Amino acid sequence: MLSMNDTLQTNYLGWDRPLLHRAIETLVKNYQHDSLFDLSSLICVLPTAYSAYRFEKLVKEVSARLGLSLSQPKTITLGQLPEQLYTPRRNLAIEFEQTLAWSAALAETNPDELAPLVPTLPHKHEVDSWMELAATIRGLYEDLSSNQLSFSSVAEVTESASDTRRWDLLAKLYSRYLSTINEAGLSDPHFERRYMIDRGLCASEKTVVLIGTSDLSHLQLAMLKAFQGRIIDMIAAPIDHASHFDAFGCIETAKWTNWELPLRDEQLIAAGDIADQSTAVAEVYQLFASQFSAEEITIGVTDETQVAPIEFEMRGAGVNSFRNLGWTVNRTAIGRLLNITAAHLKSKTWQTLATLVRHADVHDWISSYFKNAKVDGDKWLVELDQLLANHFPVGLGDELASIAKEKHPQAIEVARRIEKWLAPFSGFDRPLGKWCESISEWLRSLYSDEMLKGHTPLGTEPMANARNAMAFGSVLGLLERFSAVNAELDLEIDGANAMQMIVNRTAELRVVDIQEPDDVKILGWLDLALDDANAIVVAGLNHPYVPSAVTNDAFLPGMLRTQLKMSDNERRYARDVYHMQLLLSTRQAVRFVVGSKSADGSPTPPSRLLGAATEIDTARRIRNLLSQQRPKTTITHVWDATGERTNITIPKLPASTGQCPVQSMSVTAFRDYLACPYRFYLRHVLKQKPLDDLSNELAANQFGDLVHGAVEEFGKSEEKNESDAGRIEESMIRHLRTYAEKRYGKHVSSAVSLQIRQAERRLKTVAIEQAKRIAEGWRIHDTEAVVDDRKNGACIEIDGFKMALRGRLDRIDFHPESGRWAILDYKTHGHKPEKKHLQKTEEGYQWIDLQLPLYRMMIPYLDIDVNPVDVQLGYFNISDKDEETRINIAVFDEALMEQARELILDCVRRIRNEDFQPTNKPIEYDDYAMILQM
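Residues numbered from 1 in each chain as written. Predicted model: local features only at pLDDT ≥ 70, side-chain atom pairs only at ≥ 80, totals over all residues. Heavy atoms only, no water.

A. Quick look at the overall build of the protein chain. A count of helices and strands for the protein chain gives 33 helices and 28 strands. Overall, the protein chain is about 120 × 65 × 60 Å in size when its C-alpha atoms are taken along their principal axes. Relative to its full complement of 934 residues, the protein chain shows a buried share of 51%. Look at the contacts in the protein chain between residues 6 or more apart in sequence, and 77% of them connect residues 24 or more apart. Surface summary for the protein chain: the accessible area is close to 44200 Å², and the carbon and sulfur share equals 49%. Both charge centroids of the protein chain, one from 104 positive and one from 131 negative side chains, sit 1 Å from each other. (Helix = DSSP H or I, 4+ residues; strand = E, 2+ residues; numbered from the N terminus. Buried < 20%, exposed > 50% of the residue type's maximum accessible area, 1.4 Å probe, protein only. Contact = heavy atoms within 4.5 Å. Areas by Shrake-Rupley, 256 points an atom, 1.4 Å probe, with all protein chains shown as cover. Lys, Arg positive; Asp, Glu negative; His and termini not counted. Charge placed at Lys NZ, Arg CZ, Asp CG, Glu CD.)

This is the structure in structure tokens:
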């Protein structure tokens, strides 16, 4: 022990063992009296929450092992230290109240004066954006205050006139902020700290014990220097390195920037992307597990995005892990509910509604309502998706299309139920504190109080896990704190902004699972130095994760920070060199995984920490890492033991029953069977069809239906044989708009509106072609001519088996002078019939679509007296290219048509025999790729 003076004692405890163990041994020597271990007079300060937790746990374990009666110390983190060193004159404003005060200061300022602050100010009604700006200024103020600086002190060193105006403005805003805080009867904590330092009022009866606090801020150091009380400092270093630290155990930057780490080449593991890095971690863990228990091994990460891939890899290797970083509340069911509700309250669209009701707990609540009403409780979501996919409604307040209202009553009822549920957030502005009470009550309307104990919501379904229960309690606690916000600082806003404001605040909350005995810890970089595991593997010894940079601040770039003597990149480098020294010297086994890419795929060079060595060592290590070679280690995963590729159930073909599962077929169904019999089975037997409720524009088939609807209605109208192109166009566009309004209503998305205009443009060319058709003597005989077994007994018979045939022929034309007939199919593309029906192979042409041959087979069931062979078959192409918009009559010789007839019969025969084996050919635009795991 080295005594600096009567009030400051500095202990250099070496780095041959973890600091926490050494520190507790020192405390036992000094504070054990007989069977008592009395630490009640101490405030023990640790750098991070994890080190504080670990210290408390070790103190209890040591006391129990020695049989001592423990009086615990007050254990805090560095962030909590300042308020332990003085007694504030008034209640301190919490962070949210400080943000409100900064927001008030901004609101009191003329917008023209704020121009130097940001290029574009939020709109005056965008309360949340103003709060975010206020929070940014608050963070900037905290950063400066922690370095014993002010806005005015920055203005004094800036060189450009624009920067000076900005900092002068911030200084003026600060004065208004302080006035607002004082008028509310509160104190700003940063002002109070400076006040106590200047007047020598930092004092406490308790002894402050600094344990491994090697990176104190300027403010914390100033408070400790002014502290009238006893301080004990415990430093993880040998006493012969005392020159590398100041009196309070903080690192001396210059000493550590020139330090050479005792790193060995074999301690660096080369890896590629994040998946390979995770594999490397698992390989090292497997190596360590042969020497150490799970409790003795720690996995370190330098970036939070590395955690999930490592967890996945470890879980696959049969190893459970514990993430000390925890989970943000936003990643729990409660957080997701708040996020999607805030989004819905802001826009109130059918899309945000569809997202909201997909939340598991909201889904259960709505399903329960329908079941209680004795309505199919599972149908409502499909109906809602169909409404979105088929009618593209936008705002919930817009009038729905008539067909939409007729076909989707349950979807409309869902919207009504959600509107009623969220009614408390509509209407007039209220203070935020009152909104917090309303949000709390609203949450409890969905989740019972048992949620706090990890029991069941609604008393029916079990909680997914205790993490959601902790998140629920955490959010309720935040709402309770904010509901008691100082009335002088509170602001009146609407419900949507209140919900969004709470969402922004909950983003800062985290919940941590309970660590099980066999879990391997995953710790962040700053927690590793004081961890006491015997073996450690650190993932991501890469730039820019470690050392992390502080040069990307828009207000305080790196050069300005250095000029102001604030914490800068060199300080971060020095801190991390020291931390890495502790990892290398206090652990029995250490490995660092150096990857080449981050989780998002961007390149990540090796960390600058590798430069803490001789030039020769650094060059050799970089060369070795670039080769990305490491000893091969086989990792056995839990999924290696089974041939199953996934837990997704792949529908299996049933055993033959002797009964054909298909009783009738449409024209398009034959094309599906030719492409793949198994996919035909999924679509036409199991009725599994894709449904896209996320698109805000018409799909290709829907756009085709829109155009079809217009020209088919024209074909039924009195103008169908009109010869003037202008009047034809006018009629077609009128029918198009009627069709669109009936299905999509008057309020459509801009994308759908644009598509309707595109369809109108195509119809202009169609009208010209139709006028030519009339001039050639052709007349529209019928449109949408229905052929099916019920109406006219249409079928295909083979070997005594009849397959009902159904189809809807777009258009039948007749030429009175010649007696010719033509069947035309409207197509919204420019391809000729031969291209869509035939595929050229080495053996010749192969049929891939049988539509037109099937139309010929339907002719006998039509009310026309004609030999099918004499009927023209073709397309009326309605392309986006004017030159491709025309009537194209198919040219198929009779040999090809006979081949098509035989293929049709063969399809029916195979379907009757239940032949639905999948094809081995690639499928273009496959709707079933996920089901088939392709």
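B. Here's a closer look at helix α7 (residues 189-198). Among the residues making up α7, those that are buried are Pro-189, His-190, Glu-192, Arg-193, Met-196 and Ile-197. Projected down its long axis, α7 shows its buried positions confined to an angular sector of 160°, all on one face. Each element contacted by the buried residues of α7 is listed here: α3 (95-107), α4 (127-146) and α8 (218-225). (Arc of directions from axis to C-beta.)

C. Main features of the side chain of Ser-717. Looking at the element boundaries, Ser-717 is found in the loop between α27 (700-716) and α28 (725-744). Ser-717 gets classed as buried once you look at its relative accessible area, which sits at 13%. Ignoring sequence-local partners within four residues, the contact set of Ser-717 consists of Ser-731 and His-735.

D. Spotlight on the packing of aromatic side chains. If you walk through the whole model with that rule in mind, you get 35 aromatic pairs. Among the aromatic residues, ring-to-ring pairing joins Trp-102, Tyr-141, Phe-151, Trp-167, Tyr-174, Tyr-177 and Phe-555 into one connected group. Sitting over the face of the ring of Trp-435, Arg-430 holds its NZ or CZ atom 4.7 Å from the ring centroid. The ring of Trp-778 carries Arg-773 above its face, with NZ or CZ at 4.1 Å from the centroid. (Phe/Tyr/Trp six-rings, centres within 6.5 Å; stacked < 30°, edge-to-face > 60°. Lys NZ or Arg CZ within 6 Å of the ring centre and 35° of its normal.)

E. Looking closely at the sheet that holds strand β4 (residues 36-38). Spatial strand order, β3-β4-β6: three strands in an open sheet with mixed pairing. Each of the sheet's edge strands pairs with one partner strand only, and the pair in question is β3 (32-33) and β6 (69-71). Across two bridges, β3 lies against β4 in antiparallel orientation. In the strand pairing of β4, His-33 is matched with Leu-36. (Pairing = 2+ DSSP bridges.)

F. Region of the structure containing a nonpolar patch on the surface. A contiguous nonpolar patch, built from Phe-312, Val-638 and Trp-639 and spanning about 310 Å² of accessible area, is present on the exposed surface. Looking at the secondary structure, you find Phe-312 in helix α11 (residues 307-316). Judged by relative accessible area, which is 47%, Phe-312 ranks as partly exposed. (Patch = residues over 30% accessible without salt bridge, like charges linked within 9 Å, V, L, I, M, F, W, Y side chains within 5 Å. Salt bridge = Lys/Arg side-chain N within 4 Å of Asp/Glu carboxyl O.)

G. Local environment of the environment of Leu-46. Note on placement: Leu-46 falls in strand β5 (residues 42-46). Taking the C-alpha atoms as reference points, Leu-46 and Gly-79, 33 residues apart in sequence, are found 9.4 Å from one another. With residues up to four places along the chain from it excluded, the contact list for Leu-46 reads Leu-20, Ser-51, Ala-52, Phe-55, Thr-75, Ile-76, Thr-77, Leu-78, Ile-211, Thr-213 and Leu-530.

H. Region of interest: the pattern of salt bridges. Here the structure, examined in full by the defined rule, presents 49 salt bridges. Between Arg-575 and Asp-576 there is a salt bridge, with the nearest N and O atoms lying 3.0 Å from each other. In terms of burial, Arg-575 and Asp-576 fall into one category: buried. Taking the shortest distance from any N to any O, the salt bridge between Arg-856 and Glu-894 comes out at 3.0 Å. One end of the pair, Arg-856, is in helix α32 (residues 851-858); the other, Glu-894, is in helix α33 (residues 894-912), with 38 residues separating them in the sequence. Overall, Arg-856 belongs to the buried group, its relative accessible area being 15%. Among the ionic contacts, a cluster of salt bridges with common partners joins Asp-265, Asp-617, Arg-620 and Arg-621.

I. Fine view of the packing of α4 against α7. Taken N-terminus to C-terminus, the directions of α4 and α7 make an angle of 15°; their axes are 10 Å apart at the nearest point. By the angle between their axes, α4 is roughly parallel relative to α7. Between α4 and α7 lies a crossing of left-handed hand. Residues Tyr-141, Glu-142 and Ser-145 of α4 form the contact with α7, whose own contacting residues are His-190, Phe-191 and Arg-194. (Axes fitted to C-alpha atoms, helices over the stretch in contact; angles between N-to-C directions. Parallel < 35°, antiparallel > 145°, perpendicular 65-115°, else oblique. Left-handed = near helix turned anticlockwise from the far one by under 90°.)

J. Focus on the confidence of the model for the protein chain. Looking at the protein chain as a whole, the pLDDT averages 91, with 95% of positions reaching at least 70. Segment residues 454-464 is flagged for pLDDT under 50; beyond a separation of four residues in sequence, or across chains, it makes 22 contacts in the model. (pLDDT = per-residue confidence, 0-100.)

K. Representation of the sheet that holds strand β17 (residues 520-524) in the model. Spatially, the six strands line up as an open sheet ordered β10-β19-β18-β11-β17-β12, and their pairing is parallel. Edge positions in the sheet fall to β10 (268-270) and β12 (321-323), since each of these pairs with one other strand and no more. Taken over all neighbouring pairs, the strand axes of this sheet differ in orientation by 25° on average, direction set aside. One ladder, built from four bridges, connects strand β11 (residues 297-301) with β17; its direction is parallel. In the sheet register, Ile-299 faces β17, and the bridge partner there is Ile-522. Its contacts with the sheet put helix α23 (residues 569-586) on β18 (535-539) and β19 (589-594), and the angle it makes with β19 is roughly 135°.

L. Up close: a positive patch on the surface. A cluster of basic residues, Lys-687, Lys-689, Arg-790 and Arg-806, forms a positive patch at the surface. With respect to the helices, strands and loops of the structure, Arg-806 is situated in strand β23 (residues 801-815).

M. View of the pairing of strand β26 (residues 844-847). Pairing between strand β25 (residues 838-841) and β26: four bridges, direction antiparallel. Along β26, the bridge assignment pairs Gln-839 with Gln-846. Here β25 folds back onto β26, and the loop between the two strands holds two residues.

N. Structural context of the nonpolar core. Residues Phe-151, Ile-418 and Leu-443 are the most contacted members of the largest nonpolar core, which totals 98 residues. Setting aside residues no more than four positions away along its own chain, Leu-443 makes contact with Leu-337, Leu-338, Phe-472, Val-475, Leu-476 and Leu-479. By size, the runner-up hydrophobic cluster in this structure holds 61 residues, among which are Leu-42, Val-62, Phe-245 and Leu-583. (Core = buried A, V, L, I, M, F, W, Y, C linked by side-chain atoms within 4.5 Å.)

O. Representation of unusual backbone geometry within the structure. Geometrically, the link from His-543 to Pro-544 is a cis peptide bond, its omega value of 15° lying close to zero. Following Val-546, the chain continues to Pro-547 via a peptide bond in cis, the omega torsion being -10°. Along the polypeptide, Pro-547 turns up in the loop between β18 and α22 (558-563). Even without a glycine there, the phi angle at Gln-148 is positive, about 60°. In this structure, Gln-148 sits in the loop between α4 and α5 (151-155). Positive phi values are uncommon outside glycine, yet Lys-565 reaches one of about 60°.

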